[in-house]
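Given next are the chains, with one letter for each unit.
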Amino acid sequence: MATYVLKRLGQSVLTLFMTLTTVFVLLRLAPGDPAAAYAGPNPTTEDLDRIRAQFGLDDSLLGQYWTFLTRLVHGDLGTSFSFQAPALDVVLERLPYTLTLAIAAILVTVVVAVPLGVWMARHAHTGREFGANLFTIAGQSMPDFWSGIMLLTLFAVVLPVFPASGFATWGGLVLPTLTIAILQIALISRMVAREMSTNMAAPFLTVARSRGVSERGLTWRYGMTNSAIPVLTALGTRFAAMLNGVVVVEVVFAWPGVGSLVVRALETRDYPLIQATVLVTAALTVVVQLLIDLAYPLLDPRVRLAKTSGRSASPATAPSAQTAQEAVPA
């Protein structure tokens, strides 16, 4: 297991390096002048030259890349153009808000989507399942910005129950959390229902049923256990996507997280801030994926044996995890 973890950590470092390099190059090749964005309206040529020299933008692309790598080794991602502060510190200051929002949304998703998916599987091919399917299809069809505006109008304007924006109180967490969770509940519940329907029709469950195992035991002990890996993979994928910044939701609710910070960084072409944001969110995504992989052996002993012997996953479980990745878009 230690060898597997070290191998995955090595792959993670390479992934982060390639991601940062790609972002660095694409930012420099994109049209626009960050010095002009920083200088404001009607800058003089002297002002632009001074700003470029101040932030090292007058150096060649290779020179800027070498400086970037040298600073990166020492944990320095440069100074933010717009905040005039270390870019990494600015991102880390906003990160708790995005983490809070993502954790709240994934908890609501698990609490609602898993029981709902199990309930849909147990009432398959009935009018109840048809009604639940209509709810989940509606949830998948509503864009975040639309559902966010609707919730904002209803619960912050018409019925002023929750704050409309910001995170001054815990009540400010409710509307953005619900906005994110609506789509996640629709996606995960349909997936749980599909996995449970497949597993509940397996021959070994017929044998267990004939031996007198209760339907509740069949559902949660056998059906849900065999559905756990693809569901966990899907939840991890969705959680990692939230950590990358739920940009639209954070903008709609003026949430002071990483997503709204990315929007500001792109508007001002703040290269160090964009690079720091990519590094932090990519690192968190890699950590989440690694934790998911390490959780597989706890759910299925066959995966533990496979990883101990140096393979990546059991052939019996790998297709289910892949199915989860394909079923729920990132």
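Above this note sits the structure.
Now for a quick tour of the structure.

Examining the overall build of the protein chain
Of the regular secondary structure elements, the protein chain holds 15 helices and 0 strands. Overall, the C-alpha framework of the protein chain stretches about 85 × 60 × 30 Å when taken along its three principal axes. Of all 330 residues assigned to the protein chain, the portion counted as buried reaches 43%. Of the contacts formed within the protein chain by residues at least 6 apart in sequence, a portion of 73% connects residues at least 24 apart. Of the roughly 17000 Å² that the protein chain leaves accessible, carbon and sulfur atoms contribute 67%. Here the protein chain carries 22 positive and 19 negative side-chain charges, and the mean point of each set is 18 Å from the other.

A few points about the nonpolar core
In terms of nonpolar packing, the biggest core is built from 44 residues, with Ile180, Met196 and Met242 touching the most fellow members. Counting only elements with at least two residues in this core, the list comes to helix H5 (87–122), helix H7 (144–158), helix H8 (174–200), helix H9 (203–210), helix H10 (215–243) and helix H13 (271–299). Here this core takes 11 residues from H5, the largest share from any one element. With residues near it in sequence (within four places) discarded, Met196 still touches Val118, Ala121, Thr219, Gly223, Met224 and Ser227.

Topic: the packing of H5 against H10
Interhelical geometry of H5 versus H10 gives an angle of 150° and a closest axis separation of 10 Å. The element H5 and its partner H10 pack so that their crossing is right-handed. On the side of H5, the interface is formed by Thr98, Leu99, Ala102, Ile103, Ala105, Ile106, Thr109, Val110, Val114, Val118 and Arg122, while H10 contributes Glu215, Thr219, Trp220, Met224, Leu235, Phe239, Met242 and Leu243. Its residues placed into classes, the contact of H5 with H10 shows 14 nonpolar, 3 polar and 2 charged.

Observations regarding the pattern of salt bridges
Evaluated as defined, the whole model comprises 4 salt bridges. It is possible to trace a salt-bridge network through shared partners that takes in Asp33, Asp49 and Arg52.

Remarks on the environment of Thr100
With respect to the helices and strands, the residue Thr100 is situated in helix H5. Here Thr100 falls in the partly exposed class, since its relative accessible area comes to 25%. Note: C-alpha distance between Thr100 and Ile274 (174 residues apart in sequence) is 21 Å. If near-sequence neighbours (up to four positions away) are discounted, Thr100 is found in contact with Phe167, Trp170 and Leu173.

Some words on H8
The sharpest bend along H8 reaches about 30° and sits at Ala181. Taken across its 27 residues, H8 has 20 buried, putting it largely inside the fold.

Considering the side chain of Arg269
Mapped onto the secondary structure, Arg269 falls in the loop between helix H12 (258–267) and H13. Despite its burial, Arg269 remains without a salt bridge, the nearest opposite charge being carried by Asp33 at 6.5 Å. Side-chain polar atoms of Arg269 contact the backbone oxygen of Pro31, separated by 3.1 Å. Once residues lying within four places of it in the same chain are set aside, the contact partners of Arg269 are Leu27, Ala30, Pro31, Gly32, Asp33, Pro34 and Phe81.

What about a nonpolar patch on the surface?
A cluster of nonpolar side chains, contributed by Phe145, Trp146, Ile149, Met150 and Val248, occupies part of the molecular surface with about 450 Å² of accessible area. Top contributing element to the nonpolar patch by residue count: H7, with 4 residues. Looking at the element boundaries, Met150 is found in helix H7.

A word on the packing of aromatic side chains
Enumeration over the complete set of coordinates arrives at 10 aromatic pairs. Relative to Phe68, the ring of Phe24 has its centre 5.3 Å away and its plane inclined at 25°; by these criteria the two rings are stacked. Of the two residues, Phe24 is situated in helix H1 (residues 2–29) and Phe68 in helix H4 (residues 61–73); the sequence distance between them amounts to 44 residues. On the accessibility criterion, Phe24 (1% relative accessible area) is buried. An angle of 85° between the planes, with centres 5.2 Å apart, marks the rings of Phe167 and Trp170 as edge-to-face. Taking relative accessible area as the criterion, Phe167 reaches 23% and is therefore assigned partly exposed. Aromatic rings pair up to connect Tyr38, Phe55, Phe81 and Tyr271 into one cluster. In this arrangement the basic side chain of Arg28 is found over the ring face of Phe24, its NZ or CZ atom lying 3.8 Å from the centre. Stacked on the ring of Phe83, the Lys or Arg Arg264 has its end atom at 4.3 Å from the ring centre.

Structural notes on unusual backbone geometry
For Gln84, which is not glycine, the phi torsion reads 50° and is therefore positive. Tracing the backbone through its elements, the reader meets Gln84 in the loop between H4 and H5. Judged by relative accessible area, which is 42%, Gln84 ranks as partly exposed. The phi angle at His125 is positive, at roughly 60°, despite the residue not being glycine. Within the secondary structure, His125 is located in the loop between H5 and helix H6 (127–141).

Analysis parameters
- Residues numbered from 1 in each chain as written.
- Predicted model: local features only at pLDDT ≥ 70, side-chain atom pairs only at ≥ 80, totals over all residues.
- Heavy atoms only, no water.
- Helix = DSSP H or I, 4+ residues; strand = E, 2+ residues; numbered from the N terminus.
- Buried < 20%, exposed > 50% of the residue type's maximum accessible area, 1.4 Å probe, protein only.
- Contact = heavy atoms within 4.5 Å.
- Areas by Shrake-Rupley, 256 points an atom, 1.4 Å probe, with all protein chains shown as cover.
- Lys, Arg positive; Asp, Glu negative; His and termini not counted.
- Charge placed at Lys NZ, Arg CZ, Asp CG, Glu CD.
- Core = buried A, V, L, I, M, F, W, Y, C linked by side-chain atoms within 4.5 Å.
- Axes fitted to C-alpha atoms, helices over the stretch in contact; angles between N-to-C directions.
- Left-handed = near helix turned anticlockwise from the far one by under 90°.
- Nonpolar A, V, L, I, M, F, W, Y, C, P; charged D, E, K, R; others polar.
- Salt bridge = Lys/Arg side-chain N within 4 Å of Asp/Glu carboxyl O.
- Bend = angle between axes of the 7 residues up to and from the residue.
- Polar contact = N/O pair within 3.5 Å; in protein donor to acceptor, adjacent residues only side chain to side chain.
- Patch = residues over 30% accessible without salt bridge, like charges linked within 9 Å, V, L, I, M, F, W, Y side chains within 5 Å.
- Phe/Tyr/Trp six-rings, centres within 6.5 Å; stacked < 30°, edge-to-face > 60°.
- Lys NZ or Arg CZ within 6 Å of the ring centre and 35° of its normal.

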